[in-house]
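Observations on the three-dimensional arrangement
Here is what each chain is made of, one letter per residue.
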Amino acid sequence: MTAKGTLRGMTAVFVGPTLAAAEVAARLPGARVLPPVAVGDVLALARRRGVARIAIIDGAFEHMAAVWHKEILVALERGIAVWGAASMGALRAAELARFGMRGVGGIYRDFATGRLIADDEVAVAHLPAAYGHRATSEALVNLRHGIARAPMLGARTRAALVELARARFYRERSWETLLGDARSAGLPRRAIDELAAWPKPDRKAADARLLLRRLDDPRPIAGPTGAPLRVPRTWALRQLEAWLARGRR
């Protein structure tokens, strides 16, 4: 089943830079592909008719406020299935799983179980929309994953590389920077040279593609259990709704 299949309503996917919008459109035909989610975006969709599913992969957090948890709760309250994976989606899914948000992938599971706790694990710098939100840094979760899987590394070298990666600000993280830091720190040169030539995995992209496959799966998925959500309309939520009604001016 595609997003246009027997599903009643639109599927919206917030993405970039984890995957290119064109890839999402090709993997999930009929979906509405949107840029990284920011404050107000989920609430705006929840106020519309005909929205069946919202999938969050990427989200804004620096130059624009991040999507609020309560926006997602409002969407869930209104019967919209909300999914998350890979990046901002994994964070919010781990935080809101008890309320019915659905998480997919290993990054989501690591946050849900407490193996990962810091938001900057998934943060990357990226170019603006005109350049397809292309990433200009590497997520710490990707660096960790590559370090863990690289066959030429010993346990001490792996641990040292993770600490070097963590020490960098998220905008400075990349394999190139990490390799340079490793050489400066005197880590085994042969192993670092082999790591430089080794093909690096992209854990965030893999989780995002898994989410798209789940969304395209025709098999039914059980809905949330327990009492229906009742989201209090707090002052802050009412102000956000008013901001949306004014056209976000």
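Small disclaimer: the values here were computed from a predicted structure and weren't measured. Numbering of residues starts from 1 in each chain and follows the order in which that chain's sequence is written. Owing to the predicted nature of the model, reporting of local features is limited to residues with pLDDT of at least 70; listing and counting of side-chain atom pairs is limited to 80 or more, with chain, interface and lining totals taken over all residues. Only heavy atoms go into the side-chain values, all of them from the structure, while hydrogens and water stay out.

For the rest of this paragraph, the subject is the side chain of Thr 11. Each helix is a run of H or I in the DSSP string that is no shorter than four residues. Each strand is a run of E no shorter than two, and both are numbered from the N terminus. By the element assignment, Thr 11 lies in strand S1 (residues 10-14). For every residue, the accessible area obtained with a 1.4 Å probe (protein chains only) is divided by the maximum for its type, and the residue is called buried under 20%, exposed over 50%, and partly exposed between those limits. Among the residues examined, Thr 11 registers a relative accessible area of 1% and is labelled buried. We define a polar contact as two N or O atoms separated by no more than 3.5 Å, with the added condition that, inside protein, one atom must be a possible hydrogen donor and the other a possible acceptor, whereas residues neighbouring each other in sequence contribute only through side-chain atom pairs. Polar side-chain contacts of Thr 11 include one of 2.9 Å to the side chain of Arg 53.

Our focus in this paragraph is the packing of helix H5 (residues 106-113) against helix H10 (residues 203-215). For any two helices packed against each other, one specifies the crossing angle of their axes together with the interaxial distance. All axes are obtained by fitting lines to C-alpha atoms, using only the stretch in contact for helices, and the reported angles, taken between N-to-C directions, cover 0 to 180 degrees. The interhelical angle for the contact between H5 and H10, taken along N-to-C directions, is 100°, at an axis separation of 8 Å. Compared by their axis directions, H5 and H10 come out roughly perpendicular. On H10, the residues that touch Gly 106, Ile 107, Tyr 108 and Asp 110 of H5 are Arg 203, Lys 204 and Asp 207. Its residues assigned to classes, the contact of H5 with H10 shows 2 nonpolar, 1 polar and 4 charged. Each angle is binned into one of four classes, with values under 35 degrees roughly parallel, values over 145 roughly antiparallel, values of 65 to 115 roughly perpendicular, and all other values oblique. We call two residues contacting when some pair of their heavy atoms lies within 4.5 Å. The residue classification treats Ala, Val, Leu, Ile, Met, Phe, Trp, Tyr, Cys and Pro as nonpolar and Asp, Glu, Lys and Arg as charged. All others, Gly included, are polar.

Paired rings are identified among Phe, Tyr and Trp, the last through its six-membered ring, by centres lying within 6.5 Å, and are further divided according to the angle between planes into stacked (under 30 degrees), edge-to-face (over 60) and tilted (the rest). A full pass over the atoms with the stated rule returns 2 aromatic pairs. Aromatic rings pair up to connect Phe 61, Phe 169 and Tyr 170 into one cluster. Its end group placed over the ring of Trp 175, Lys 200 keeps NZ or CZ at 5.5 Å from the ring centre. Here, a charge over a ring is recorded when the distance from Lys NZ or Arg CZ to the ring centre is within 6 Å and its angle to the ring normal is within 35 degrees.

What follows is about the confidence of the model for the protein. Per-residue pLDDT for the protein has a mean of 92; in total, 94% of the residues score no lower than 70. pLDDT is a residue-level measure of predictor confidence that goes from 0 to 100. Predicted confidence for residues 1-6 stays below pLDDT 50, and this span has 18 contacts to residues more than four positions away or in other chains.

Right, let's get into the pattern of salt bridges. For this document, the term salt bridge refers to a Lys or Arg side-chain nitrogen within 4 Å of an Asp or Glu carboxyl oxygen. The tally for this structure, following the rule as stated, stands at 14 salt bridges. One salt bridge in this structure joins Glu 77 and Arg 233, with 2.9 Å as the shortest N-O distance. Note that Glu 77 is positioned in helix H3 (residues 69-77) and Arg 233 in the loop between H10 and helix H11 (235-245), a separation of 156 residues in sequence. Each member of the salt-bridge network shares a partner with another, and the members are Glu 23, Arg 27 and Arg 209.

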